[in-house]
Amino acid sequence: MRKSILIFYLSVLCSGLWTTKGDTSVPSFTIHKLQTEYTVTPLGIDEEKPCFTWQMQSDRQGAAQAAYRIIVKDEAGREVWDSGKVKTDESLAIEYAGAPLAPRTRYVWSLTVWDRKGKSYTTDSWFETGMMNKDQEWEGAKWIGGSDQDMVLYSHYLPVFKINYTVQLDETTTQAGFMYGANDERLMDENRNEYNLQNKKDESYIMALLDIAPLEANGEAVLHIYRTGYHPEDKKEKPFHSFPIPLSLISKGNRYDKHTVIIRSDLGYSWFYLNEEKKENQIGEINLNPLGVGGDFLAFPVAGDMGYYVPGGGTATFSEVEIRNFRSPSNLLLSVLDTNMYTIRGGETGFLEFIHPE
């Protein structure tokens with residue numbers, strides 16, 4: 001009996017050793033850390049000929065890259081560059097050499113690497129371009145942020161902030177909107193938000209829309225707050241909330257004057273003021289974070305990208321747009337426009353994008 005048991009035990013042990021020795025499920029050569037312009041999946045790059053970089057890892061002694069091939073395609077799947085098979089072990093700062101890149105477009109790049117034994121390995125990554133040609137895209141809009149006096153701003157990582165902007169409607173329009181929190185990459189990837197939202201560029205944002213039309217009927221002007229692309233029930237055409245503006249702040253007499261809107265956002269809980277940040281000038285407060293209130297939840301919105309909107313056929317002018325620190329003394333993080341006015345005509349929407357690191 002003992003002999004039988006011993007033989008059975010040795011058989012199981014040998015079987016286990018054989019299985020371990022023959023296990024080939026772990027790949028011996030992998031490609032990782034694919035970077036465009038030295039960043040993993042960057043957003044808003046303005047480089048006309050971005051560089052591609054990657055790393056390889058192998059548990060086989062002497063394994064190395066012998067050749068590579070890069071293929072870049074645009075959002076429609078059209079090929080814009082094929083490097084062809086390049087026999088080299090270089091994998092650092094390979095410069096793009098294809099067709100001109102379009103602004104504000106996501107590109108997918110596929111990388112194939114051959115090892116010294118001729119075996120190929122393929123993987124892919126992506127990057128998004130920014131405005132590329134700022135002068136042409138914004139027709140003279142002036143970027144003046146990023147000076148030595150400014151604090152560092154990563155707008156897509158900033159969940160606690162203050163935004164000030166000045167708006168002036170002319171007599172041809174009754175509404176003008178300011179957008180922020182736009183293009184949050186978490187809301188553009190169904191795997192990175194609780195509601196599996198897959199917004200396209202410029203489809204997710206918060207908008208404060210000043211509406212002076214009710215004054216004609218002896219009512220009060222209104223600040224409509226729109227939340228779009230943050231929750232499955234958000235409606236682009238329906239305000240998330242509307243705050244009446246006291247006649248002491250906007251009346252028939254001053255409705256076409258300049259008005260400064262002040263927005264304070266603390267992890268999504270938001271306060272709105274007109275002209276001055278004091279109690280009597282507060283229009284309202286509301287939570288805009290679809291997940292909840294406070295630091296126990298993921299923060300929405302971040303400052304993100306900003307934009308301007310004027311419906312219909314009228315015209316409105318924006319100026320003195322600033323992003324500031326939330327807490328006192330509210331240091332300046334960025335001035336987007338100086339005192340020169342930026343005029344938006346009816347039906348136009350424009351976004352200013354802020355580059356942020358991975």
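We now turn to the structure provided with this report. (Residues numbered from 1 in each chain as written. Predicted model: local features only at pLDDT ≥ 70, side-chain atom pairs only at ≥ 80, totals over all residues. Heavy atoms only, no water.)

1. As for the overall build of the protein
And step 1. Along its length, the protein carries two helices and 20 strands.
And step 2. A total accessible area of about 19,100 Å² is found for the protein, and carbon and sulfur atoms account for 49% of it. (Helix = DSSP H or I, 4+ residues; strand = E, 2+ residues; numbered from the N terminus. Areas by Shrake-Rupley, 256 points an atom, 1.4 Å probe, with all protein chains shown as cover.)

2. Remarks on the sheet that holds strand β6 (residues 106–115)
And step 1. In space, the four strands of this open sheet follow the order β4-β3-β6-β7, with antiparallel pairing throughout. Sheet topology places β4 (79–82) and β7 (120–128) at the edges, where each strand pairs with a single neighbour. Along the sheet, successive strands turn relative to each other by an average axial angle of 20°, direction set aside.
And step 2. Bridge count between strand β3 (residues 65–73) and β6: eight bridges; the pairing is antiparallel. The residue bridging Ile-71 from the neighbouring strand is Ser-110, located in β6. (Pairing = 2+ DSSP bridges. Axes fitted to C-alpha atoms, helices over the stretch in contact; angles between N-to-C directions.)

3. Describing the environment of Glu-95
And step 1. The residue Glu-95 is located in strand β5 (residues 94–95) in this model.
And step 2. Glu-95 gets classed as partly exposed once you look at its relative accessible area, which sits at 46%.
And step 3. C-alpha of Glu-95 to C-alpha of Glu-48: the two residues are 47 residues apart in sequence and 9.9 Å apart in space.
And step 4. Residues contacting Glu-95, with those up to four places away along its chain left out, are Lys-49, Pro-50, Cys-51 and Trp-81. (Buried < 20%, exposed > 50% of the residue type's maximum accessible area, 1.4 Å probe, protein only. Contact = heavy atoms within 4.5 Å.)

4. Looking at the pairing of strand β11 (residues 221–228)
And step 1. By the criterion of burial, β11 is predominantly enclosed, with eight of the eight residues buried.
And step 2. Side-chain alternation along β11 places Ala-221, Leu-223, Ile-225 and Arg-227 on one buried face and Val-222, His-224, Tyr-226 and Thr-228 on a second face that is also buried.
And step 3. When β11 meets strand β12 (residues 241–245), the two strands line up antiparallel, connected through five bridges. By the bridge assignment, Leu-223 is partnered in β12 with Phe-243.

5. Side note on the pattern of salt bridges
Once their charged atoms are close, side chains differing in charge can pair, the charge on each being opposite to the other.
And step 1. Evaluated as defined, the whole model comprises 14 salt bridges.
And step 2. Residue Glu-185 is joined to Arg-192 by a salt bridge in which the shortest nitrogen-to-oxygen separation is 3.2 Å.
And step 3. Arg-192 sits in the partly exposed class, given a relative accessible area of 42%.
And step 4. Where Glu-276 meets Lys-278, a salt bridge forms, and the shortest distance between an N and an O atom there is 3.5 Å.
And step 5. The partly exposed category is assigned to Lys-278, whose relative accessible area is 32%. (Salt bridge = Lys/Arg side-chain N within 4 Å of Asp/Glu carboxyl O.)

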